[in-house]
Amino acid sequence: TQNIDGLHRIAGNSVDRTYEVHGNGHEMRCSVRCTADRYPIPDGVGSKDRETPLTDDEKALLVCPKCGAVARPHVLWFDEHYEEDFYRSDTAMRAALRAGLFVTVGTSGATSLPLHATAAAAETGAVILDINPNPNPFQAFATDYSRGMWLKGSSSERVPALVSLLIGE
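Quantities reported herein were computed from a predicted structural model and do not represent experimental measurements.

(A) The overall build of the chain, seen in detail. Scanning the chain from N- to C-terminus turns up 7 helices and 6 strands. Order of helices (α) and strands (β) in the chain, N terminus to C terminus: α-β-β-α-β-α-α-β-α-β-α-β-α. Dimensions of the chain along its principal axes, counting C-alpha atoms only, are 55 × 30 × 30 Å. A buried classification covers 35% of the 169 residues belonging to the chain. By sequence separation, contacts in the chain at least 24 residues apart represent 48% of the contacts at least 6 residues apart. Counting every atom, the chain has about 10,300 Å² of accessible surface; 55% of that belongs to carbon and sulfur.

Below you can see the structure in the form of structure tokens.
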């Protein structure tokens, strides 16, 4: 997933099978990189909008448990690059190369790794499906690819229908 909302794991998907290639906004990590370990955002830090600053008490909680340095959100910022230690980006690409079916759901295609993973899956002959109500780079790829298809529509409509087809309901 390229979403940082953690919903895949909240829904019960395992850490081992979920590649959060842009991180997880519910986690933090050391800003000086003493470790690649990730930690849950402490309970004492509330949700914030852009206009609401952290309190001094909240700032005091946002430190690396190993070295005491300031912690940072475990998310990939636009000026950063993918790293295996943090985002399992190489692992995600290897999984794409093994895929027989590669499905993209509801994405605008604004980042590179998901686009590269789609192309990698296609190189090995995977079926490519894009579920999205709007045109996007994945839809363009799928419709131009001999083993691809754009399932135009919302994810809440198309994903259950696809699952029913795949499991034979």
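(B) Just the side chain of Glu83, in detail. In this fold, Glu83 is placed in the loop between β3 (71–75) and α3 (84–87). You can call Glu83 buried: its relative accessible area is 19%. Apart from residues lying up to four places away in sequence, Glu83 is in contact with Arg33, Arg88 and Ser89.

(C) Just the pattern of salt bridges, in detail. If you walk through the whole model with that rule in mind, you get 8 salt bridges. Its salt-bridge partner being Arg33, residue Glu83 comes within 2.5 Å of it at the nearest N-O pair. Residue Glu83 is found in the loop between β3 and α3, and its partner Arg33 is found in the loop between β1 (23–30) and β2 (38–40); the two are separated by 50 residues along the sequence. With relative accessibility at 47%, the residue Arg33 sits in the partly exposed group. Notably, a salt bridge pairs Lys66 with Asp37, separated by 2.9 Å at the nearest N-O pair. One end of the pair, Lys66, is in the loop between α2 (56–61) and β3; the other, Asp37, is in the loop between β1 and β2, and 29 residues separate them in sequence.

(D) Here's a closer look at the pairing of strand β4 (residues 101–105). Where burial is concerned, the two faces of β4 differ: the one with Phe102 and Thr104 is buried and the one with Leu101, Val103 and Val105 is not. Here 5 bridges tie β4 to strand β5 (residues 127–132), and the two strands are oriented parallel to one another. Residue Val103 lies in a different strand from β5, and its bridge partner there is Leu129. Between the parallel pair β4 and β5, the chain is carried across by helix α5 (residues 112–123), and the sense of this crossover is right-handed.

(E) Looking closely at the sheet that holds β3. With antiparallel pairing, the 3 strands of this open sheet are ordered in space as β2-β1-β3. Since the sheet does not close on itself, it has two edges, and those belong to β2 and β3, each with one partner. Geometrically, the sheet is characterised by an average inter-axis angle of 50 degrees between neighbouring strands, direction not taken into account.

(F) How the structure looks around the nonpolar core. Formed by Ala96, Ala99, Phe102, Ala117, Ala121, Ala122, Ala126, Ile128, Ala142 and Tyr145, the largest nonpolar core amounts to 10 residues. In terms of residue count, the dominant contributor to this core is α5 (3 residues). When neighbours within four sequence positions are excluded, Tyr145 is seen to be in contact with Ala122, Gly125, Ala126 and Ile128. Met28, Tyr39, Val45 and Ala71 belong to the second-largest nonpolar core, a separate cluster that totals 5 residues.

Conventions we followed
- Residues numbered from 1 in each chain as written.
- Predicted model: local features only at pLDDT ≥ 70, side-chain atom pairs only at ≥ 80, totals over all residues.
- Heavy atoms only, no water.
- Helix = DSSP H or I, 4+ residues; strand = E, 2+ residues; numbered from the N terminus.
- Buried < 20%, exposed > 50% of the residue type's maximum accessible area, 1.4 Å probe, protein only.
- Contact = heavy atoms within 4.5 Å.
- Areas by Shrake-Rupley, 256 points an atom, 1.4 Å probe, with all protein chains shown as cover.
- Salt bridge = Lys/Arg side-chain N within 4 Å of Asp/Glu carboxyl O.
- Pairing = 2+ DSSP bridges.
- Right-handed = clockwise from strand over helix to strand, strands pointing away.
- Axes fitted to C-alpha atoms, helices over the stretch in contact; angles between N-to-C directions.
- Core = buried A, V, L, I, M, F, W, Y, C linked by side-chain atoms within 4.5 Å.

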